[in-house]
Amino acid sequence: MVDTSFSNMTHSTQATERFLHVITWGCQMNVYDSNRMVDLLRPLGYKVTDKSEKADILILNTCHIRDKATEKVFSELGRLRQIKEYREEQGQETIIAVAGCVAQAEGEIILKRAPYVDIVFGPQTYHRLPKMILDIARKSGNVIETDFPVESKFDFLPAPEEAQGHTAFLTIQEGCDKFCSFCVVPYTRGAEESRPVQAIIDEATRLCELGVKEISLLGQNVNAYHGQGPDGNIWDLVKLAEKLSTIPGLKRIRYTTSHPNDMSDSLIAAHRDLPALMPFLHLPVQSGSDRVLKAMNRGHTAKEYYELVDKIKKARPDIALSSDFIIGHPGESIDDFKATMKLVNDITFAMAYSFKYSPRPGTSAAVSTNQVLENEKDARLQELQTVLKDQQTKFNQDTVGRTIPILFTNKGRKEGQIAGKSPYLQAVHVQGDESLIGQEHLVEVNECLTFSLSGNLVKESIPL
Ligand code: SAH
Ligand code: SF4
Ligand code: F3S
């Protein structure tokens, strides 16, 4: 529910257009959140601009997961400050807002070090953005909203009025109670919470009416989803995905990120039985060493991960497996690293992300005295990434010669090309008419390039 007092107040100034510029860093959930902030501000007359100097409101939606997250924020804020000052010289006011996970963790520090920032708010309070803007307009000083409110922001967000294309993110679960030793997310996103089923169905239906064909369900532990169903029972991810697959127009369902411990037998079976559920699974393992997995508080062993992958591959032999790895967690010895390399070589991944361990303030691993030397982390990471890259190339090469459905989502880089995604999340382009964008067609893949595949439309193919 949008604060209507503000819409009334601005009514007299409706003739002048207002612009909003959002900079989004971090994970898909931040992308989703940024889109919802746009939805919230649209009724107040704000239009999105990609030109920051044109914006009356600049929102920096931040990520705290690794590296020098806070420093990166201050450096970007320095740039935004210049824009604000330039606009001030032209007689235009600018609101600078810092959102997201750094805002949640470092809100007070941001306001202290960068007093030209007007608003700071965390991932669970952005539904109050219209009110915060109103407070700024009343010149009542800076605004900080980084509590974890009792109300759920989702109850206050308007239905989307625009889709960003034919694929969309939809947050169904948020927060995390797992407290892995290295991870800041439980502190920035708060406790795990699943949205009610009906709210998700309504949002997905709306997105499909706006032309969306593929929805990626988001959650920090999305496969632990347990939302209140319309029948009064608790629904799991499988039941939710089955229901969503009946929405007219929705062709594809994905979900991310899953925790190995929440990968139920019924979810594995759904990869075999539910055609809309795409054969792609991001299942982070982080390490192949039991010692490190224990130190990380991941709650499973390497053997359990191997067994889980076996089960998944049995149910859906062509599944594209993806993972995250952290290299150099405190205490990781060379033997621990070798165990990770062994796991990678045994399982083989279609794609994966790998990171050097980065100490996060407030997490248990950050205070460990057993930190791995930086150059050692670099060398291990490089060794791992070489193998992961080869595995990705091999996975893509194995697609050559196959005929697979591609959902076209945009124009290709070259004239006359259109591009889209395979069920395995590979980028594929073909020569084809723009009118096919938004449709799914069969494509015979005939070439594997560095980052994508190319192929030919199967001539007689009609939209699938
Ligand atoms: N919920 C997901 C992960 C979310 S964070 C899960 O449980 O797997 C995304 C990824 O960032 C993690 O999988 C991890 O590989 C990486 N990451 C998180 N904290 C990190 C840190 N302190 N240093 C390096 N990488 C980190
Ligand atoms: Fe972070 Fe672990 Fe929660 Fe994933 S499961 S969000 S890595 S604490
Ligand atoms: Fe980053 Fe927060 Fe997402 S720390 S990865 S934006 S949950």
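This is a predicted model, so every value here is computed, not measured.

> Go over the pairing of strand E15 (residues 320-327) with me, naming the residues and quoting the values.
For E15, the buried fraction is high: eight of the eight residues fall into the buried class. Side chains Ala320, Ser322, Asp324 and Ile326 project from E15 onto one buried face, and the interleaved Leu321, Ser323, Phe325 and Ile327 project onto a second face that is buried too. Summarising the sheet, strand E14 (residues 280-282) and E15 pair through three bridges and their orientation is parallel. Counted as the bridge partner of Phe280 is Ala320 from E15. The parallel pair E15 and strand E16 (residues 351-356) is bridged by helix H12 (residues 334-347), and the resulting crossover is right-handed.

> How would you sum up the packing of helix H2 (residues 28-41) against helix H5 (residues 129-137)? Please name residues and give values.
The N-to-C vectors of H2 and H5 enclose an angle of 60°; their axes lie 9 Å apart at closest approach. Between H2 and H5, the interaxial angle falls into the category oblique. Every residue of H5 that contacts H2 at Met37, Leu40 and Leu41 is listed here: Leu129, Pro130 and Ile133.

> Residues and numbers for the packing of helix H11 (residues 302-315) against H12, please.
For the pair H11 and H12, the least separation of the axes is 12 Å and the interaxial angle reads 10°. Comparing the axis directions of H11 and H12 gives the class roughly parallel. Between H11, through Ala302, Tyr305, Tyr306, Val309 and Lys313, and H12, the contact on the second element is made entirely by Lys342, Leu343, Asp346 and Ile347.

> Now, about the site of ligand 1: what can you tell me, with residues and values included?
The environment of ligand 1 is formed by 15 residues, the closest being Arg66, Gln220, Gln286, Asp324 and Ser358. Gln220 places a polar main-chain atom, nitrogen or oxygen, 2.8 Å from a nitrogen atom of ligand 1. Interatomic distance of 2.7 Å between a side-chain N/O atom of Gln286 and an oxygen atom of ligand 1. When isolated, ligand 1 has an accessible area of 540 Å², and the protein chains bury 90% of it. If you list the elements that add at least two residues to the shell around ligand 1, you get E15 and E16. Broken down by class, the residue content of the shell around ligand 1 amounts to six nonpolar, four polar and five charged.

> Could you give an account of the site of ligand 2, naming the residues involved and the relevant values?
Taken together, Cys176, Lys178, Phe179, Cys180, Phe182, Cys183, Val185, Pro186, Asn221, His259 and Arg298 make up the full set of residues near ligand 2. For the shell around ligand 2, the class distribution of residues is seven nonpolar, two polar and two charged.

> Give a detailed account of the UniProt feature "domain: TRAM" (unreviewed entry) in the chain, specifying residues and quantitative values.
In the UniProt entry, the feature "domain: TRAM" (unreviewed entry) is given for residues 397-459. Split by type, residues 397-459 is 2% helix and 52% strand. Its first and last C-alpha atoms lie 23 Å apart.

> An account of the side chain of His329 is needed here, citing residue identities and associated values.
Examined against the element boundaries, His329 turns out to sit in the loop between E15 and H12. A polar side-chain atom of His329 sits 2.7 Å from a polar atom in the side chain of Ser181. Once you skip the residues sitting within four places of it in the chain, His329 turns out to touch Ser181, Phe182, Val292, Ala295, Met296, Tyr357, Ala365 and Val372.

Rules used throughout
- Residues numbered from 1 in each chain as written.
- Chains lettered and ligands numbered in written order.
- Predicted model: local features only at pLDDT ≥ 70, side-chain atom pairs only at ≥ 80, totals over all residues.
- Heavy atoms only, no water.
- Buried < 20%, exposed > 50% of the residue type's maximum accessible area, 1.4 Å probe, protein only.
- Helix = DSSP H or I, 4+ residues; strand = E, 2+ residues; numbered from the N terminus.
- Pairing = 2+ DSSP bridges.
- Right-handed = clockwise from strand over helix to strand, strands pointing away.
- Axes fitted to C-alpha atoms, helices over the stretch in contact; angles between N-to-C directions.
- Parallel < 35°, antiparallel > 145°, perpendicular 65-115°, else oblique.
- Contact = heavy atoms within 4.5 Å.
- Near = heavy atom within 4 Å.
- Polar contact = N/O pair within 3.5 Å; in protein donor to acceptor, adjacent residues only side chain to side chain.
- Areas by Shrake-Rupley, 256 points an atom, 1.4 Å probe, with all protein chains shown as cover.
- Nonpolar A, V, L, I, M, F, W, Y, C, P; charged D, E, K, R; others polar.
- UniProt positions renumbered as here; feature names shortened; annotations may be inferred.

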